[in-house]
Amino acid sequence: RIEKDNSGWAEKYKVEVTERKRLHNLVLELKGNIRVFCRVRPMLPHEQSQAGNEQAVFFPEDGRPELPENNIAVADDVKGTEKVFEFDSSFGPKSTQEEVFNEVEALVTSVLDGFNVCIFAYGQTGSGKTYTMEGSDTDKGINPRTLSRLFDQITERSNAYSY
(Lines give C-alpha, C1' and ligand atoms only; values in the text may rest on other atoms or scores of the structure.)
Protein backbone atom coordinates (compact mmCIF):
# COMPACT_ATOMS: atom_id res chain seq x y z
CA ARG A 1 0.00 0.00 0.00
CA ILE A 2 2.82 2.46 0.85
CA GLU A 3 4.51 1.86 -2.48
CA LYS A 4 1.22 2.49 -4.25
CA ASP A 5 0.73 5.81 -2.38
CA ASN A 6 4.26 7.01 -3.18
CA SER A 7 4.41 5.93 -6.80
CA GLY A 8 3.81 9.41 -8.27
CA TRP A 9 6.11 11.39 -5.96
CA ALA A 10 9.33 10.75 -7.88
CA GLU A 11 7.84 12.13 -11.07
CA LYS A 12 6.36 15.14 -9.25
CA TYR A 13 9.76 15.79 -7.67
CA LYS A 14 11.48 15.80 -11.07
CA VAL A 15 8.89 18.25 -12.41
CA GLU A 16 9.40 20.57 -9.41
CA VAL A 17 13.20 20.43 -9.71
CA THR A 18 12.95 21.37 -13.38
CA GLU A 19 10.62 24.27 -12.56
CA ARG A 20 12.94 25.47 -9.76
CA LYS A 21 15.88 25.51 -12.17
CA ARG A 22 13.86 27.43 -14.75
CA LEU A 23 12.66 30.05 -12.24
CA HIS A 24 16.08 30.42 -10.60
CA ASN A 25 17.78 31.09 -13.90
CA LEU A 26 14.97 33.41 -15.01
CA VAL A 27 15.54 35.53 -11.88
CA LEU A 28 19.28 35.70 -12.61
CA GLU A 29 18.61 36.62 -16.23
CA LEU A 30 16.23 39.38 -15.17
CA LYS A 31 18.92 40.77 -12.86
CA GLY A 32 21.16 40.95 -15.92
CA ASN A 33 23.68 38.63 -17.45
CA ILE A 34 26.43 41.14 -16.75
CA ARG A 35 26.49 42.81 -13.38
CA VAL A 36 28.97 45.33 -12.04
CA PHE A 37 29.78 45.51 -8.34
CA CYS A 38 32.00 48.04 -6.63
CA ARG A 39 33.95 47.35 -3.45
CA VAL A 40 36.02 50.07 -1.81
CA ARG A 41 38.68 48.95 0.62
CA PRO A 42 39.39 50.81 3.86
CA MET A 43 42.16 53.37 3.84
CA LEU A 44 45.48 51.87 4.91
CA PRO A 45 47.27 53.27 8.00
CA HIS A 46 49.93 55.04 5.95
CA GLU A 47 47.21 56.65 3.81
CA GLN A 48 45.36 57.91 6.89
CA SER A 49 48.50 59.44 8.39
CA GLN A 50 49.31 61.55 5.33
CA ALA A 51 48.13 65.15 5.56
CA GLY A 52 45.18 65.98 3.31
CA ASN A 53 44.05 62.37 2.91
CA GLU A 54 40.38 62.49 3.67
CA GLN A 55 37.52 60.30 2.61
CA ALA A 56 36.89 60.76 -1.11
CA VAL A 57 34.32 58.03 -1.80
CA PHE A 58 30.92 58.25 -0.14
CA PHE A 59 28.12 55.72 0.29
CA PRO A 60 24.51 56.19 1.45
CA GLU A 61 25.47 54.66 4.81
CA ASP A 62 28.03 57.46 5.31
CA GLY A 63 25.21 59.79 6.27
CA ARG A 64 24.46 60.58 2.63
CA PRO A 65 20.76 59.65 2.37
CA GLU A 66 20.45 61.57 -0.92
CA LEU A 67 22.52 58.84 -2.57
CA PRO A 68 20.31 56.04 -3.88
CA GLU A 69 21.16 52.50 -2.81
CA ASN A 70 24.16 51.04 -4.66
CA ASN A 71 25.35 54.47 -5.77
CA ILE A 72 28.61 56.03 -4.69
CA ALA A 73 29.80 59.62 -4.86
CA VAL A 74 33.44 60.39 -5.61
CA ALA A 75 34.81 63.78 -4.63
CA ASP A 76 36.89 65.75 -7.12
CA ASP A 77 38.90 68.16 -4.96
CA VAL A 78 40.41 69.90 -7.98
CA LYS A 79 37.03 70.92 -9.39
CA GLY A 80 35.26 71.00 -6.05
CA THR A 81 32.54 68.68 -7.36
CA GLU A 82 31.29 65.16 -6.94
CA LYS A 83 30.57 62.51 -9.50
CA VAL A 84 27.91 59.87 -8.71
CA PHE A 85 28.24 56.31 -10.03
CA GLU A 86 25.57 53.60 -10.03
CA PHE A 87 26.34 49.88 -9.65
CA ASP A 88 24.30 46.71 -9.37
CA SER A 89 25.73 46.42 -5.85
CA SER A 90 28.22 48.48 -3.93
CA PHE A 91 30.25 47.60 -0.85
CA GLY A 92 31.88 50.17 1.38
CA PRO A 93 35.05 49.87 3.43
CA LYS A 94 33.15 48.21 6.30
CA SER A 95 31.68 45.47 4.11
CA THR A 96 32.52 41.86 4.91
CA GLN A 97 33.62 39.00 2.70
CA GLU A 98 30.33 37.28 3.54
CA GLU A 99 28.28 40.25 2.29
CA VAL A 100 30.14 40.23 -1.02
CA PHE A 101 29.78 36.46 -1.39
CA ASN A 102 26.04 36.63 -0.69
CA GLU A 103 25.65 38.73 -3.86
CA VAL A 104 27.25 36.09 -6.08
CA GLU A 105 26.21 32.89 -4.29
CA ALA A 106 23.20 32.30 -6.56
CA LEU A 107 25.59 31.91 -9.49
CA VAL A 108 26.83 28.62 -8.00
CA THR A 109 23.42 27.09 -8.65
CA SER A 110 23.57 28.33 -12.24
CA VAL A 111 26.89 26.55 -12.75
CA LEU A 112 25.33 23.27 -11.67
CA ASP A 113 22.37 23.96 -13.94
CA GLY A 114 24.79 24.06 -16.89
CA PHE A 115 25.38 27.79 -17.35
CA ASN A 116 28.77 29.38 -17.83
CA VAL A 117 29.71 31.83 -15.09
CA CYS A 118 32.67 34.17 -14.80
CA ILE A 119 33.49 36.36 -11.82
CA PHE A 120 36.54 38.57 -12.02
CA ALA A 121 38.00 41.49 -10.15
CA TYR A 122 39.32 44.57 -11.90
CA GLY A 123 41.10 47.52 -10.40
CA GLN A 124 44.29 49.36 -9.61
CA THR A 125 47.22 47.64 -7.92
CA GLY A 126 46.60 47.52 -4.18
CA SER A 127 42.85 48.11 -4.47
CA GLY A 128 41.84 44.83 -2.79
CA LYS A 129 41.16 42.49 -5.71
CA THR A 130 43.13 39.56 -4.30
CA TYR A 131 41.66 39.99 -0.84
CA THR A 132 38.11 40.05 -2.24
CA MET A 133 38.65 36.99 -4.43
CA GLU A 134 40.98 34.91 -2.21
CA GLY A 135 40.56 36.36 1.28
CA SER A 136 42.76 35.26 4.16
CA ASP A 137 43.15 32.10 6.23
CA THR A 138 40.54 33.36 8.69
CA ASP A 139 38.26 35.27 6.30
CA LYS A 140 37.77 33.41 3.02
CA GLY A 141 37.07 35.31 -0.19
CA ILE A 142 34.76 34.63 -3.11
CA ASN A 143 36.82 31.81 -4.69
CA PRO A 144 37.10 29.44 -1.69
CA ARG A 145 33.53 30.17 -0.58
CA THR A 146 32.25 29.47 -4.10
CA LEU A 147 34.11 26.18 -4.36
CA SER A 148 32.90 25.13 -0.93
CA ARG A 149 29.29 25.98 -1.83
CA LEU A 150 29.64 24.23 -5.19
CA PHE A 151 30.72 20.97 -3.56
CA ASP A 152 28.02 21.32 -0.89
CA GLN A 153 25.37 21.62 -3.61
CA ILE A 154 26.81 18.64 -5.50
CA THR A 155 26.52 16.59 -2.31
CA GLU A 156 22.97 17.85 -1.71
CA ARG A 157 21.98 16.89 -5.26
CA SER A 158 23.79 13.54 -5.31
CA ASN A 159 20.54 11.58 -5.01
CA ALA A 160 18.94 13.33 -7.96
CA TYR A 161 21.92 13.86 -10.29
CA SER A 162 25.21 12.29 -11.17
CA TYR A 163 28.05 14.63 -12.10
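In case you missed it, the structure is sitting above this.
Keep in mind that what you see is a predicted model, and the values were worked out from it rather than measured. (Residues numbered from 1 in each chain as written. Predicted model: local features only at pLDDT ≥ 70, side-chain atom pairs only at ≥ 80, totals over all residues. Heavy atoms only, no water.)

Draft legend 1. Representation of the sheet that holds strand S4 (residues 81-86) within the structure. Strand order across the open sheet formed by three strands is S2-S3-S4, with antiparallel pairing between neighbours. Strand pairing shows two members of the sheet lacking a second neighbour, strand S2 (57-58) and S4, which therefore form its edges. Summarising the sheet, S2 and strand S3 (residues 71-76) pair through two bridges and their orientation is antiparallel. Within S3, the position partnered with Val57 by the bridge is Val74. (Pairing = 2+ DSSP bridges. Helix = DSSP H or I, 4+ residues; strand = E, 2+ residues; numbered from the N terminus.)

Draft legend 2. The arrangement of the pairing of S3 in detail. Bridge analysis of S3 against S4 gives six bridges, and the strand direction is antiparallel. The residue of S4 that forms the bridge with Ala75 is Glu82. Adjacent in sequence and paired antiparallel, S3 and S4 are bridged by four residues, among which Gly80 carries a positive phi angle near 70°.

Draft legend 3. Broad picture of the packing of aromatic side chains. Scanning all chains against the criterion turns up one aromatic pair. Residues Phe37 and Phe91 carry aromatic rings whose centres are separated by 6.2 Å and whose planes lie at 75° to one another, so their mutual orientation is edge-to-face. One end of the pair, Phe37, is in strand S1 (residues 37-39); the other, Phe91, is in strand S5 (residues 89-91), with 54 residues separating them in the sequence. Taking the relative accessible area as the measure of exposure, Phe37 reaches 28% and is therefore partly exposed. Cation over ring: Arg64 sits above Phe58, and NZ or CZ is 5.2 Å from the ring centre. (Phe/Tyr/Trp six-rings, centres within 6.5 Å; stacked < 30°, edge-to-face > 60°. Buried < 20%, exposed > 50% of the residue type's maximum accessible area, 1.4 Å probe, protein only. Lys NZ or Arg CZ within 6 Å of the ring centre and 35° of its normal.)

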